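A structural walkthrough
The residues making up each chain are set out below.
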Amino acid sequence: MPLTMRRDNRHSTALTDRTHMLHSGLIRTLLARCTCAMALSMVAGVATAQTLVLNAGDSNQLQLATAINTAVNVNGTPTADLTLGINQLAALPSAQLGPALDQVGGALYGNVNSASTENNDYFLRRLSDRLRPTGVLLHREPPAGGVEVSPVNYNPREGVPLMFVEEDCSGCKKCGCVHVWTDGYGRHGDVSGTADARGFDFTQAGGSFGFERAIDDCLLIGMATNFFENDLGDSPINSNIHAHGGQMAWYGRAQGEVIYMTSILSYTHDYFDSNRRVAFGAIDRTAQATFEGNEFSSYNETGLFCYLGNWNIQPYVALQYILVEQDGFTETGASSLNLSTGQETADSLRGIFGTRVELDQGLCGNPFLIPEFHTRFAREYASTNRNTFAALNSFPTNGGFLIDGAHLGRDFVVLGTALHWMAKPNLKIALGYDFTASQHITSHAGIGSLEFNW
């Protein structure tokens, strides 16, 4: 009986040892397979990242693909989510890869500074157009003898004062007139893409309110505020940035018999809300961000009063400077494909030459209906390059890349017309239209304004 018991114990021990050996072998096999899978995943991630570099299209796509490839090689195995994204990108046909890289790389962010520059340029343009002396603004005293001069008989070349005329202001008589004005506008434009960056479209809308005082016939000072709602979009890649904010301006004008000078200082604060859809392969996400910006601008103009027949011709030259600051931000909503950016600055320096032409005698003989035609040529002397530095959140240190923005152009032309109606001696209503073009931008704008003087 004891012998039998010992024989059974030896058999049980041997069986247990074989079971442990079997389990250990199975575990080692599973571990080996997992390790192999991880290694293959790393190799696949590196290989697919290299594929993106080889198949990238424009400069923005290449910079993003290079950043991903560098980060994978330096940091090692990316996260599972980013690996999925890289693999999905690499599996796309070449026709779909370019737009997908633009989505991942946030191509529209490179154009924010350009859109802000245009927003400020249009505000300064509207304000300088309104501030430029015209034949239908300030009250003038009647000539000696106290007889009011009919607008029909008024001839500015003879220097006969009229209640709606500013051109002859010799002597700088005390005036003390107060002007309150408001306007509303809408503008839509398109900026074409280049070999380095995608284009975009923009829409601007808003309204201004101003208060000014004529110290005398030769000097006027005032301030204005503007509130705006702007949209910046790139519909082919489902990206949109909405901006809203306010602008403040302080301005002045001095004039003589044949010359005038105007000066404007302004400040702008923007609030941006971005929506960037990332949809390709099995991935469909929307990255969102909120950030702010500031702009500082100055505008200085000098012009002349000239007359040709019944036409009042005002040639002028101006210098305009705009400094744009954009805060950094971090997106949410797209997991490993979220982007982070730092603070960016850009500036614009434009030399301007323009001419405004008005019909002295009014439209169809009506002296209270004044047609206007104007042209404006501007040249950009600062850099036309606009870019933003961004990084994938998954690779904050080694995954940085530049997002190049579209070029607005070097030379700009504006063609426009307006109609001023003196509804009452102290009330002026105006409607206008502007067309703007450069090497890369075209836009159309309409504006209506109302001014009350007392």
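Residues numbered from 1 in each chain as written. Predicted model: local features only at pLDDT ≥ 70, side-chain atom pairs only at ≥ 80, totals over all residues. Heavy atoms only, no water.

Considering the packing of aromatic side chains
Each aromatic ring pair is specified by the distance between its two centres and by the angle formed by the two planes. A full pass over the atoms with the stated rule returns nine aromatic pairs. Judged by centre distance (6.5 Å) and plane angle (55 degrees), the rings of W311 and F373 are tilted. Pair noted here: W311 is in strand β8 (residues 311–326) and F373 is in strand β12 (residues 369–380), with a separation of 62 residues, a long-range link. Here W311 falls in the partly exposed class, since its relative accessible area comes to 32%. Given the relative accessible area of 43%, F373 is considered partly exposed. Following the ring pairs from residue to residue traces out a cluster consisting of Y109, F272, F291 and F329. The lysine or arginine in question, R132, covers the ring of Y316, its NZ or CZ lying 4.0 Å from the ring centre. Cation over ring: R350 sits above F412, and NZ or CZ is 4.1 Å from the ring centre. (Phe/Tyr/Trp six-rings, centres within 6.5 Å; stacked < 30°, edge-to-face > 60°. Helix = DSSP H or I, 4+ residues; strand = E, 2+ residues; numbered from the N terminus. Buried < 20%, exposed > 50% of the residue type's maximum accessible area, 1.4 Å probe, protein only. Lys NZ or Arg CZ within 6 Å of the ring centre and 35° of its normal.)

A few points about empty space enclosed by the protein
Scanning the model with the defined rule gives 10 cavities of 30 Å³ or more in all. Within this model, the largest cavity holds a volume of roughly 360 Å³. Forming the boundary of the largest cavity are 27 residues, of which D129, R130, H420, I447 and S449 lie nearest the centre. Secondary-structure elements contributing two or more residues to the lining of the largest cavity are α5 (112–131), β1 (178–191), β12, β15 (411–424), β16 (427–438) and β17 (441–453). (1 Å grid on protein atoms, 1.4 Å probe; cavity = no way out; pocket = protein on both sides within 12 Å on 5 of 7 lines; lining within 4 Å. Points joined across faces, edges and corners; volume = space filled by probe spheres on them.)

Description of a nonpolar patch on the surface
Judged by side-chain polarity, F209, F211, M223, W250, L265, F452 and W454 come together as a nonpolar surface patch covering roughly 760 Å² of accessible area. Its place among the elements puts W250 in strand β4 (residues 239–255). The class for W250 is partly exposed, based on a relative accessible area of 44%. (Patch = residues over 30% accessible without salt bridge, like charges linked within 9 Å, V, L, I, M, F, W, Y side chains within 5 Å. Areas by Shrake-Rupley, 256 points an atom, 1.4 Å probe, with all protein chains shown as cover. Salt bridge = Lys/Arg side-chain N within 4 Å of Asp/Glu carboxyl O.)

Concerning helix α4 (residues 94–104)
Here α4 has its buried residues at L97, G98, A100, L101, D102, Q103 and V104. Looking at the residues trailing α4, positive phi occurs at G106, about 60 degrees.

A closer look at the sheet that holds strand β14 (residues 400–404)
Spatially, four strands are ordered β9-β10-β13-β14 in an open sheet, and the strand pairing comes out antiparallel. If you trace the sheet from one side to the other, it starts and ends with β9 (329–330) and β14, each paired once. Where β9 lies against strand β10 (residues 339–341), two bridges are found, and the strand directions are antiparallel. Residue pairing for β10: T330 is matched across the bridge by S340. (Pairing = 2+ DSSP bridges.)

Brief notes about the pairing of strand β13 (residues 387–392)
Where a strand is regular, its side chains alternate between the two sheet faces. With three bridges connecting them, β10 and β13 associate as antiparallel partners. Each bridged residue has a counterpart across the sheet, and for T341 the counterpart in β13 is A390. Across five bridges, the pairing between β13 and β14 is antiparallel. Across the sheet, A390 pairs through a bridge with F401, a residue of β14.

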